Amino acid sequence: MTRPISKPEPPPNFSLREIAMIVGGEVIGDEQVRIRGINSLELAERGEISFLTNSRFKESLAATSATAVILQQQTPLFRGPQVIVSNPRISHARLAAVFAPDVPRFPGVSDRSFCHESCLLGKNVSVYPNVYIEEGAVIGEETVLFPGVYIGGGVRIGNRAVIYPNVAILRDCRIGNDVIIHAGTVIGSDGFGFVRDGAQSIKIPQLGIVQIDDRVEIGANNCIDRAAFGRTWIRSGVKTDNLVQIAHNVTIGEDTVIVAQVGISGSVRVGRQVVLGGQVGIADHLEVGDGVMIASQSGVAKSIAPGQVVSGTPTMPHRLWLRVSGLLTRLPEYNTRLRSLEKRVKELEETDEE
Amino acid sequence: MTRPISKPEPPPNFSLREIAMIVGGEVIGDEQVRIRGINSLELAERGEISFLTNSRFKESLAATSATAVILQQQTPLFRGPQVIVSNPRISHARLAAVFAPDVPRFPGVSDRSFCHESCLLGKNVSVYPNVYIEEGAVIGEETVLFPGVYIGGGVRIGNRAVIYPNVAILRDCRIGNDVIIHAGTVIGSDGFGFVRDGAQSIKIPQLGIVQIDDRVEIGANNCIDRAAFGRTWIRSGVKTDNLVQIAHNVTIGEDTVIVAQVGISGSVRVGRQVVLGGQVGIADHLEVGDGVMIASQSGVAKSIAPGQVVSGTPTMPHRLWLRVSGLLTRLPEYNTRLRSLEKRVKELEETDEE
Amino acid sequence: MTRPISKPEPPPNFSLREIAMIVGGEVIGDEQVRIRGINSLELAERGEISFLTNSRFKESLAATSATAVILQQQTPLFRGPQVIVSNPRISHARLAAVFAPDVPRFPGVSDRSFCHESCLLGKNVSVYPNVYIEEGAVIGEETVLFPGVYIGGGVRIGNRAVIYPNVAILRDCRIGNDVIIHAGTVIGSDGFGFVRDGAQSIKIPQLGIVQIDDRVEIGANNCIDRAAFGRTWIRSGVKTDNLVQIAHNVTIGEDTVIVAQVGISGSVRVGRQVVLGGQVGIADHLEVGDGVMIASQSGVAKSIAPGQVVSGTPTMPHRLWLRVSGLLTRLPEYNTRLRSLEKRVKELEETDEE
C-alpha cells in the first residue's frame, strides 16, 4: 500500500531582522542577511545562524562559518552580524523550533488502523496504519498516533499529543494535552505487586491507572506502571529521558526532570522542579522534596528534604560526597598510616614502662 | 476497520458474607452490606472494602470511607463491619482479582493478523490485529496475543498466556502455561557473544533458545537473550519487574523475584526464591544461592552462598554494609584524626628522645 | 492471512575433513566422521562437534558425548577425533555461523506493509507485514525489515541489514551495511535537550540525526538519540548489548564494545576498541580514550586517557579499586583502631606531662 508523494514545502528562510523579532533581540550589523537554518558554531555553514551559550566555546566564534550569531554581549571575535539577547539558550530553543521539520502527520485516520467503533476521535487527529485503538478510548484534537501504537480500552488522550511508534498505553490511563511520548514506551503496565504465599508469589491485580498531565514529555522505552489503587501521577511539565522506570503509585511533581535509566520504586513522592541524574535509584515509599538535585548513580535510601543537593550511595550532601569520594582512593594509605601509628605508639608505651 | 461495541457486563457486586467466603474470613458486624469494589484506606468510597496490612497505617482506619475492612484483629478504630483473616495481604490479592477487569480478548483470530498456515492455534486463542506468527509456531488454549506481538518460527506458547502489545518472542523459544509478558519485552534476542579477531569483534551465532516455565510473569521492556547453546532458563513462578536484562545461558530458579533494571550477565545461575533489588548487577558465571537477598544497586562480583543477605559494591553482608555506608561520610574526619594523631605521636617521640 | 509452508532444507552435514577446512585446522583421527551440529561440551550429542576454549573446562572433555572436538593442543582426555586450531574461539564463531539457521526472510515486500511511493527499495529486500516505511526512505539490497519496524522519512539503510521486530528508526537517520538492530530498539528519538525558563523546561528541538556505520550490531531495547545538531555517531564495528542508552551527539569509536544497561550522556566521545562494562554511567562531554576498559557499574565523572583500565565510582585505576573495595569492609575496624589510638596517645601525653 502506498501514499502519494507530498509536495515539499520550501524550507523556511528569514531575514536577520525577522530572526531578531522571533527571539526578542537586537541586531548589530546587517539586518538584511538571509538565514535558512540554525546550527552549532562548529557545524554552521553560510546562511545559518549560530549562538554562544557558554563562554568556554568562545574560541569557536572566530572559526565558525555561520552567517550570524546570537549571544549575550557583542564580541569582536565574530565579524558578521550579531543578535544580542538576554538568554541565548532560550533563543536557541525558539529558533530551533522555527527551523525544525514538523512532526509528520498521516492525513486523517488510516483505514489500515484499527479503531473500535465506540472510540471518540477529535478533529484533525492523525492515526497511522497499524495503530490499534481499543473500546471506549478518546483521542483529542490534532493528536498524532504513529504506527504500532496501542491504545487500551477507556484510555483518554488530550489535544496535540504526539505518540511515537510502538508506544503502548494500557487501559484507562489518562494523557493530557501537548504530551509527547517517545517510541517504545509502555504506560500502564501492571505495578510489580505480589504477596508471598509459602514459596509462591501471588499476583496482586493492579486496579489503578497512570495519569500524565499537560506538557509532559516521556522518553523512549520508558516504563510507567499503573497504580495498585488510584493513580501513578506524572504532573504537568515533567520531562523524562530514555529507559526510565516509574513504579506503581509514584507521584512526580511539576516540572521535574528525570535523566536516563533512573528507577523510582513504588509509592515514592518526588516534588516539583527536582532533577534526578542518570541511573539514580530511589527506594520505595520515600519523599524527595521540591527543588532537590540528586547526582547520577546515587542510591536514595531515605527521604530528602526540599532544596538539598545530594550524591552517593547512600546519599549525602553533594559537597561531602565530593570529599568522601576523593578520600576513598586513600584507604590503602590510611591502612598503612594506622599500622605505623600503632607500632609507634606501642614503642612509646614500652619506653614509658621502662 | 471497526469492531462492534460489546455489551458491558454489570460490575461485580457481593454481600460481605460472600466476600468473607472468598477470603476465608469471619465477619464481625453486618454480613448483608453490598460490596462493589476494593480500594486503599485513603481512596475507598462507600460501597468499597479496604484492608489493613501494616499497623503503620492504623490511623487511616478511623478516616476511611470504606464500607468494610479486612484485617487480622478486630479494631475499635473502624466502626463498620470487619472481616477477620489470617493474612490480609493475601486477601487483598484475592479480592483484587475478583474485582479486576478481565484481560480484554479479541474474539478469535483477527483476519488482520498474520499467521503462517503451518501454525497450530489452541482452542479459544485470542489473536489481535497486527500480530505476526511465523512458521511452525504453536499457541496454546485461551492464550491472548495483543497487537504488535511477533512470534518467531517454531515458538511454542502454553495455555492461558497473556502476551501484551509489541512483545517479540524470537524463533524456537518456549513459553509455559499461565505466563504473562508485559508490553515491549524481547524474548530470544541474540546473546551478546563476540570473539576478538585483531581489532574486530566476530559474532558468535547464538544457537540456543529461551525457555520460560509456568506461572512466570515478565515485566515491560525486559530483554532475555537466547543461549549460545542450550537454553536461557526462567523457571516456574519467577517474577521480573520492568527493564530487566537477562543474558544468555542464565538460569533463574523457581519463585525468584527480580526488581526493575537488574542486569544479570551470561551463564549466571540464580537459585530459588531469591530476591534481587532494583538496579543490581551480577557479573558473569557466578552462582547466587537459594533464598539469597541482594539489596538495590548492589554489584555482585563473586558467588553468594544460599540464604545470605548482602548489599553494596562489592557485596558484603547487609549488616556490615549498613555500618560501612554509615562510616563512609566520616572519611574526612578520619583523615583529620589520623593527621592529628601523627603529629601528637611525633611530639611524644621527640619528647622521649630528649 | 496465511503464507504457504516452505519446504524445509535438509540440515547441513559435513565430514570432519570439511569442518577442518572451514576452520583452517588439522584433524587428528578419523576425518570421515559426519558432523551435523556444534554444541558445548556438556550439551553435545553424538554427531555434534564441540570445542575447548578455556583449560578450566578440561574435565568436560572426558565426559562429553561430542563426536569430535576442536582445541589448541591434542589431548588424551578426549578419545574421539580432534581438530587442532590456533584459536578455538574463532573456530567456534565460524562453525556456529555454518550451522546457524538463516535469518528468516519474508519473500519480497509484503502487500500488508506500508511503503510510501517515494521510497527506494534495493534488490531482494525482505519487508514483512506491518512494516511502515515513510516518505523518501532508501532501503539497501538484501536488507530485512521484520514486522512492526518503523522507518521514518528520509532514513537510509544500507545493504544486508537486519532490523528485528518493533524497531523504530526515526527521520533522516543513516544506517550502514551489514548492520544488525535487535528488537524494540529506538534510533533517532529526540535528544534530551531542555532549557529552563523560570520553572518550566522549554524543549530544544533536536535537528541532527543518528549515523550508524557498517558492521555495527545494536542490542534489544536500546535508545540512541538524535543529535541537537550534526550527528550522534556509532562508528563501524561497534557492538552494543541490550538496554543501552546513548544520548545526543555522542560518538562511539570503531570496534568498541558496550555491555548491557550502560548509559552515555550527551556529547561524550568514546574512543576505538573501548570496552564498557554493564551498567556503567558516563557524565556528559567527557572523553574516553582508545582502548580504555571500564569495569561494570563504574561511574565516570572525568575523562579517561587512552589505554587505562578503571573501576569504581568515581573511577580509579582498576588495581587501586580492587584494594580500596577490599578495604571498605574494614572501615568499622578503622574506627575502633582510631579510637583506641587516640586513647593511648592521650594516656602517653598525660604520662609525659607528669
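Residues numbered from 1 in each chain as written. Chains lettered and ligands numbered in written order. Predicted model: local features only at pLDDT ≥ 70, side-chain atom pairs only at ≥ 80, totals over all residues. Heavy atoms only, no water.

K.L.:
Explanation requested: the interface of chain B and chain C in the structure shown.
P.N.:
Where interface size is quoted, it is often the accessible area lost as the parts come together. Residue-level contacts link 74 residues of chain B with 69 residues of chain C. Contact between chain B and chain C buries roughly 5,900 Å² in total, counting both sides, with carbon and sulfur atoms accounting for 62%. It is F114(B), F192(B) and F229(B) in chain B that bury the most area against chain C; as a group they hold 12% of the surface buried on that side. Taken together, the links from chain B to chain C amount to three salt bridges. Secondary structure elements with two or more residues in the side of chain B that touches chain C: β8 (114-115), β20 (186-189), β21 (194-197), β22 (200-203), β25 (223-225), α4 (318-328) and α5 (331-353) of chain B. In terms of residue count, α5(B) provides more of the side of chain B that touches chain C than any other element does, 10 residues in total. For the side of chain B that touches chain C, the residue count by class is 35 nonpolar, 23 polar and 16 charged. (Contact = heavy atoms within 4.5 Å. Buried area = accessible area lost by both parts, 1.4 Å probe. Salt bridge = Lys/Arg side-chain N within 4 Å of Asp/Glu carboxyl O. Helix = DSSP H or I, 4+ residues; strand = E, 2+ residues; numbered from the N terminus. Nonpolar A, V, L, I, M, F, W, Y, C, P; charged D, E, K, R; others polar.)

K.L.:
I keep staring at the packing of helix α5 (residues 331-353) of chain A against helix α5 (residues 331-353) of chain C and nothing clicks. Help me out?
P.N.:
Between two packed helices, both the angle of their axes relative to each other and the distance between the axes serve to describe the pair. Running from N to C, α5(A) and α5(C) point in directions that differ by 30°, and their axes come no closer than 10 Å. Taken together, the axis directions place α5(A) and α5(C) in an arrangement best described as roughly parallel. You can see that α5(A) and α5(C) cross each other, and the crossing is left-handed. Residue-level inspection shows L331(A), N335(A), L338(A), R339(A), L341(A), E342(A), V345(A), K346(A), L348(A), E349(A) and D352(A) of α5(A) in contact with α5(C), the latter providing L331(C), Y334(C), R337(C), L338(C), L341(C), R344(C), V345(C), L348(C), T351(C) and D352(C). Tallied by class, the residues present in the contact of α5(A) with α5(C) amount to 11 nonpolar, two polar and eight charged. (Axes fitted to C-alpha atoms, helices over the stretch in contact; angles between N-to-C directions. Parallel < 35°, antiparallel > 145°, perpendicular 65-115°, else oblique. Left-handed = near helix turned anticlockwise from the far one by under 90°.)

K.L.:
Teacher, can you tell me more about the environment of I212(B) here?
P.N.:
All names here are of chain B. Among the secondary structure elements, I212 is positioned in strand β23 (residues 209-212). Distance in space between the C-alpha atoms of I212 and G176 is 5.9 Å, their sequence separation being 36 residues. The residues contacting I212, other than those within four sequence positions of it, are R174, I175, G176, V179, I187, I218, I224 and I234.

K.L.:
I would appreciate a short explanation of the interface of chain A and chain C in the present structure.
P.N.:
The interface of chain A with chain C comprises 70 residues on the first partner and 74 residues on the second. Both sides together, the interface formed by chain A and chain C hides about 5,900 Å², and carbon and sulfur atoms give 62% of it. Taken together, chain A and chain C are joined by three salt bridges. Residue K203(C) pairs with E217(A) through a salt bridge whose shortest N-O separation is 2.7 Å. One can count 24 residue pairs in polar contact (both at pLDDT 80 or more) joining chain A with chain C. Top contributing element to the side of chain A that touches chain C by residue count: α5(A), with 12 residues. (Polar contact = N/O pair within 3.5 Å; in protein donor to acceptor, adjacent residues only side chain to side chain.)

K.L.:
What should I look at first to understand the sheet that holds strand β2 (residues 26-28) of chain C in this one?
P.N.:
Each strand in a sheet pairs with its neighbour through backbone hydrogen bonds, running either in the same direction (parallel) or in the opposite one (antiparallel). Residues and elements named next belong to chain C. Across the sheet, which stays open at both edges, the five strands sit in the order β2-β7-β6-β5-β4 with mixed pairing between neighbours. Bordering the open sheet on either side are β2 and β4 (37-38), each of which pairs with just one other strand. In this sheet, strand β6 (residues 68-71) lies alongside strand β5 (residues 48-51) in parallel orientation, the contact comprising three bridges. Within the sheet, the bridge partner assigned to S50 lies in β6 and is V69. (Pairing = 2+ DSSP bridges.)

K.L.:
Explain the packing of aromatic side chains here, please?
P.N.:
Tallying each qualifying case throughout the model produces 30 aromatic pairs over all chains. Pairing F192(B) with F194(B) gives two aromatic rings, centres 5.1 Å apart and planes at 75°, and the pair type is edge-to-face. Ring centres of Y128(C) and F146(C) lie 4.8 Å apart, and the angle between their planes is 15°; this geometry places the pair in the stacked category. Taken as a pair, Y128(C) in the loop between β10 (126-127) and β11 (132-133) and F146(C) in the loop between β13 (144-145) and β14 (150-151) lie far apart in primary sequence, 18 residues in all. An aromatic cluster is present here, built from F106(A), Y128(A), F146(A), Y164(A), F114(C), Y132(C) and Y150(C) joined pairwise through their rings. (Phe/Tyr/Trp six-rings, centres within 6.5 Å; stacked < 30°, edge-to-face > 60°.)

K.L.:
What am I meant to see in the relation of the copies chain B and chain C here?
P.N.:
The pair of chain copies shares a relation made of a rotation about an axis and a shift along it. Relative to chain C, chain B is turned by 120° and slid 0.0 Å along the rotation axis, the superposed coordinates differing by an RMSD of 0.1 Å. Expressed as a symmetry operation, the mapping of one chain copy onto the other fits a three-fold axis. (Least-squares fit on C-alpha atoms with pLDDT ≥ 70 in both.)

K.L.:
Please clarify how the pattern of salt bridges should be interpreted in this entry.
P.N.:
A side chain of one charge can pair with a side chain of the opposite charge if their charged atoms are brought near each other. Residue and element names in this part refer to chain C. One pass over the structure, following the stated rule, counts 42 salt bridges over all chains. Across the salt bridge formed by E142 and R105, the nearest N and O atoms sit 3.9 Å from each other. Highlighted residues: E142 in the loop between β12 (138-139) and β13 and R105 in the loop between α3 (88-99) and β8 (114-115), separated in sequence by 37 residues. A relative accessible area of 36% places R105 in the partly exposed class. The closest approach of N and O atoms between R272 and E254, which form a salt bridge, is 3.9 Å. You can see R272 sitting in the loop between β32 (269-270) and β33 (275-276) and its partner E254 sitting in the loop between β29 (251-252) and β30 (257-258), a full 18 residues away along the chain. (Buried < 20%, exposed > 50% of the residue type's maximum accessible area, 1.4 Å probe, protein only.)

K.L.:
Explanation requested: the domain arrangement of chain A in the structure shown.
P.N.:
Examined at the domain level, chain A breaks down into domain 1 (14-99) and domain 2 (114-319). Relative placement of domain 1 of chain A and domain 2 of chain A: their C-alpha centres are 37 Å apart. (Domains from an automatic or database assignment.)

K.L.:
Quick question: what am I supposed to make of the sheet that holds strand β17 (residues 168-169) of chain C here?
P.N.:
Residue and element names in this part refer to chain C. Taken in spatial order, the 10 strands make up an open sheet running β8-β11-β14-β17-β20-β25-β28-β31-β34-β37, and their pairing is parallel. What marks the edges here is a single partner per strand, and that holds for β8 and β37 (299-300). Bridge count between strand β31 (residues 263-264) and strand β34 (residues 281-282): two bridges; the pairing is parallel. Looking at β34, one finds that G263 is bridged to G281.

K.L.:
When you look at empty space enclosed by the protein in this model, what are you seeing that I'm missing?
P.N.:
Once rolled over the atoms, a probe with the size of a water molecule shows which space is left empty. Scanning all chains against the criterion turns up nine cavities of 30 Å³ or more. Roughly 160 Å³ of volume is contained in the largest cavity. If you go around the largest cavity, you meet 21 residues; those closest to its centre are G148(A), G148(B), N166(B), G148(C) and N166(C). Its residues assigned to classes, the lining of the largest cavity comprises 12 nonpolar, nine polar and no charged. (1 Å grid on protein atoms, 1.4 Å probe; cavity = no way out; pocket = protein on both sides within 12 Å on 5 of 7 lines; lining within 4 Å. Points joined across faces, edges and corners; volume = space filled by probe spheres on them.)

K.L.:
Help me understand the confidence of the model for chain A in this model?
P.N.:
Do not read the fine detail of predicted coordinates wherever pLDDT is low. On average, residues of chain A score 95 in pLDDT, and 97% of them reach the 70 mark or higher. If you check the scores for this complex, the pTM reads 0.96 and the ipTM reads 0.95. (pLDDT = per-residue confidence, 0-100.)

K.L.:
Got a minute to help me understand helix α3 (residues 88-99) of chain B in this structure?
P.N.:
For an α-helix, 3.6 residues make a turn, and residues three or four places apart therefore share a direction. Residues and elements named next belong to chain B. Look at α3: 16 Å from first C-alpha to last across 12 residues, which is about the 16 Å you get at 1.5 Å a residue. Among all positions in α3, only P88, I90, S91, H92, A93, L95, A96 and F99 are buried. Between a side-chain oxygen at the N-terminus of α3 and the backbone nitrogen of R89 the separation is 3.0 Å; the capping residue is N87. (Expected span 1.5 Å × (residues − 1).)

K.L.:
It is not clear to me how unusual backbone geometry should be interpreted in this structure. Could you clarify?
P.N.:
Trans is the prevailing form of peptide bonds, just as negative phi is the prevailing case for residues other than glycine. With an omega of -5°, the peptide bond running from T313(B) to P314(B) counts as cis. Despite not being glycine, Q279(A) has its phi angle at roughly 65°, a positive value. As for its position among the elements, Q279(A) is in the loop between β33 (275-276) and β34 (281-282). Of the residues examined, Q279(A) reaches a relative accessible area of 10% and is grouped as buried. Phi at S267(C) takes a positive value of approximately 65°, unusual for a residue other than glycine. Secondary-structure assignment places S267(C) in the loop between β31 and β32.

K.L.:
Can you walk me through the environment of L348(A) in this structure?
P.N.:
Secondary-structure assignment places L348(A) in helix α5. A relative accessible area of 5% places L348(A) in the buried class. Here the alpha-carbon distance between L348(A) and L276(A), two residues 72 residues apart in the chain, equals 52 Å. Setting aside anything within four residues of it in sequence, one finds L348(A) in contact with V345(B), L348(B), E349(B), D352(B) and L348(C).

K.L.:
How do you make sense of helix α1 (residues 16-23) of chain B when you look at a structure like this?
P.N.:
Residues and elements named next belong to chain B. Every buried residue of α1 is listed here: L16, I19, A20 and V23. Looking straight down α1, one finds its buried side chains confined to an arc of 100°; they lie on one side. The first or second residue beyond α1 is G24, which carries a positive phi of 65°. (Arc of directions from axis to C-beta.)

K.L.:
Just to check I follow, could you spell out the pairing of strand β21 (residues 194-197) of chain C for this structure?
P.N.:
Looking along a regular strand, one sees the side chains alternate between the two faces of the sheet. All names here are of chain C. By the bridge criterion, four bridges tie β21 to strand β22 (residues 200-203) in an arrangement that is antiparallel. If you follow F194 over to β22, its bridge partner there is K203. Counting the residues between successive antiparallel strands, the hairpin from β21 to β22 contains two residues, one of them, G198, with a positive phi of roughly 65°.

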